[in-house]
Amino acid sequence: MAAISRAEVAHLAHLARLAVTDEELDTFAGQLDVILQSVARVGEVAADDIPPTSHSVPLTNVLREDVVQPCLPREDVLAGAPDVAEDRFRVPRILDEEE
Amino acid sequence: MSASTAAAARYEPVIGLEVHVELGTRTKMFCGCPTVFGAEPNTQVCPVCLGLPGSLPVANKAAIEATIRIGLALNCQIASWCRFARKNYFYPDMPKNFQISQYDEPLCTDGWLDIDVDGEVVRVGIERVHLEEDTGKTLHVGGATGRIHGATESLVDYNRAGIPLVEIVTKPVPGTGALAPVVARAYVAQLRELVRSLGVSDVRMEQGSMRCDVNTSLHRPDEPWGTRTETKNVNSLRSVERAVRAEMARQARVLAAGGTVTQETRHFHEDTGDTTSGRSKETATDYRYFPEPDLVPLAPDPQWVQTLRAGLPEPPRTRHRQLQVHWGLSDLDMQAIVNAGAVELIEATVAAGATPDAARKWWLQELSRQANEAGVELTALEVSPVSVAELQRLVDDGKLTDKLARTVLAGVVAGEGTPVEVMAARGLEVVSDEAALGAAVDAAIAANPEVAQRIRDGKVAAAGVLVGAVLRSTGGQADAKAVRELVLARLC
């Protein structure tokens, strides 16, 4: 049985607002399935004495003091914006499909 | 009977509150950008809070400490080990396309806050206190009103993106019946006092540094809890109470008509006091939370937590009780002050020379009425504690009657100046000039010979007619008691 369904891939594409064609859905579902099945094999060797690992380094509490650092100049900040108006990032209205 | 009270007669409400508090740290949660309110758009951002490739977040120690202190003040357990989580969603208020938050491992869990409501103590359970980053500010343009409805595009300012934000979530609060709206308000008011006492946030609801979501459900007394709605945009104490009232009334109408309540996000509208259906909420699985790989786990040392606990200030409730004794107020009067968010206002007014009772009276009666009419919070009125104390001094000195003082106060609120200035500009000072007042009394006696005769004959109660005449002829600027004495002195 496939580790991920075509419908799940379509749902994920929607959450990321990616337009995916029917052919692409078939392709990605197949590719993601291979990846997930491979990763699932890791689970086969997991035992009670092996805790789930989220970080590869044995560190905790890496914190910084509350001290102000220089920011980026605004022209550099907005240089990466798709469009600019009133010194702000200008983007299409979101949520239209949910109204 | 209000609609929410009628709803509580048939259904049991269960409420829950999610309160977001923006911390007052100098820098953001995961980078060194400053957090000054009202700065020019996009001037307090850097590669980390913009989510530029290659940038890495590092947690702010002051924000972690502030969150632990809030948790300790709310009687929570502090996690010995926890992680941040990535909350993925597609919306331009976070440039990274995800928000760093906490999911199944909050920093603080399982506490409580005792609040005073209507002469009773209600213990509100705290489910969790966790730390996340605030989002950017989105301005919707192209529509008529700046709201998202009808807008064609959005303009985003990321100055706020990344400011540390603490989320405080209550356990469901059942059993408060018709008092549910008042309990909700009292909880937020008293939580605000608590957070303020810790000095970790300015908790200004009108500036958005404290924001509320209100969960409400109704169920029949013998049935399981009902489906809840989550009302957003509830950003004043007054609105918290109104939003719960509105949802109780609305859900009762739906249930009474045989319908079912839909689990959804709703928006509260300040102008109408109603809620409307909002966007459908993505489910938790749609957020695809996973442990934040760019931040190592937090493991607060018990010694560190102990030090923070030892440094907690006296709880506001204790301080309020001391103030209450000091001020000589009843339990109900003091609770009304706390739940109106007026403790500091009264304190400052008393410090400026007013008696506690006079300060309470002006703020909780006349000024609360004016704030209500204007649809704003008490603290948003353009009147200072010093002005209120000055006004009371004018009353005490006999320069203003209570009635004139209310008129002067309205002038102060309207921005016409200090009480003394408004009194002078509008010519509202009590006519205390004995000669002028005596002439007005003589004129009233001359104009009402029959009444005067009755008073001479011993019908002292008839003096009211002459007092009224004098008050009218002086434009309400004479003190009724003084006029009455003058009338009686002349006729008896």
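For the structure, check the block above.
Keep in mind the model is a prediction, meaning the values are calculated, not measured.

Engineer: I would appreciate a short explanation of the sheet that holds strand S9 (residues 153–157) of chain B in the present structure.
Structural biologist: Neighbouring strands of a sheet are bound in pairs by backbone hydrogen bonds; such pairs are parallel or else antiparallel. Overall, antiparallel pairing links the 4 strands, which are arranged S2(A)-S3(A)-S9(B)-S8(B) in an open sheet. Strands with a single pairing partner mark the edges of an open sheet, and in this sheet they are strand S2 (84–85) of chain A together with strand S8 (137–141) of chain B. Taken together, the 2 bridges between S2 of chain A and strand S3 (residues 88–92) of chain A define a ladder with antiparallel strand orientation. Residue pairing in the sheet places Val 84 of chain A in a bridge with Phe 89 of chain A of S3 of chain A.

Engineer: Whenever I open this one, unusual backbone geometry confuses me. Can you help?
Structural biologist: Trans peptide bonds make up the majority, and among non-glycine residues the majority have a negative phi. Even without a glycine there, the phi angle at Asp 87 of chain A is positive, about 60°. You can see Asp 87 of chain A is positioned in the loop between S2 and S3.

Engineer: Would you mind showing me how to read the pattern of salt bridges here?
Structural biologist: Opposite charge on two side chains lets them pair, provided their charged atoms get close. Residue and element names in this part refer to chain B. Taken as a whole, this structure holds 36 salt bridges over all chains when the rule is applied. The residue Glu 22 makes a salt bridge to Arg 211 at a minimum N-O spacing of 3.9 Å. Residue Glu 22 is located in strand S1 (residues 12–22), and its partner Arg 211 is located in strand S12 (residues 210–219); the two are separated by 189 residues in the primary sequence. A residue is classified by how much of its surface remains accessible, and Glu 22, at 12% relative accessible area, is buried. Counted as one network, the salt bridges with shared partners bring together Glu 22, Asp 134, Arg 160 and Arg 211.

Engineer: Would you mind going over the packing of aromatic side chains with me for this structure?
Structural biologist: In this description, an aromatic ring pair is defined by two values, namely the gap between the centres and the angle between the planes. Residue and element names in this part refer to chain B. If you walk through the whole model with that rule in mind, you get 5 aromatic pairs over all chains. Each ring, one from Tyr 103 and one from Tyr 289, has its centre 3.8 Å from the other, and the planes form 5°; the classification is stacked. With a gap of 186 residues between them, Tyr 103 in the loop between strand S5 (98–101) and strand S6 (108–117) and Tyr 289 in the loop between strand S15 (275–277) and strand S16 (290–291) connect regions that are remote in the sequence. For Tyr 289, a relative accessible area of 22% gives the class partly exposed. In this structure an aromatic cluster arises from ring pairing among Tyr 89, Tyr 103, Tyr 287 and Tyr 289. The positively charged end of Arg 123 is found above the aromatic ring belonging to Trp 112, 3.6 Å away from the centroid.

Analysis parameters
Residues numbered from 1 in each chain as written. Chains lettered and ligands numbered in written order. Predicted model: local features only at pLDDT ≥ 70, side-chain atom pairs only at ≥ 80, totals over all residues. Heavy atoms only, no water. Pairing = 2+ DSSP bridges. Helix = DSSP H or I, 4+ residues; strand = E, 2+ residues; numbered from the N terminus. Salt bridge = Lys/Arg side-chain N within 4 Å of Asp/Glu carboxyl O. Buried < 20%, exposed > 50% of the residue type's maximum accessible area, 1.4 Å probe, protein only. Phe/Tyr/Trp six-rings, centres within 6.5 Å; stacked < 30°, edge-to-face > 60°. Lys NZ or Arg CZ within 6 Å of the ring centre and 35° of its normal.

Read these as geometric descriptors, not functional statements.
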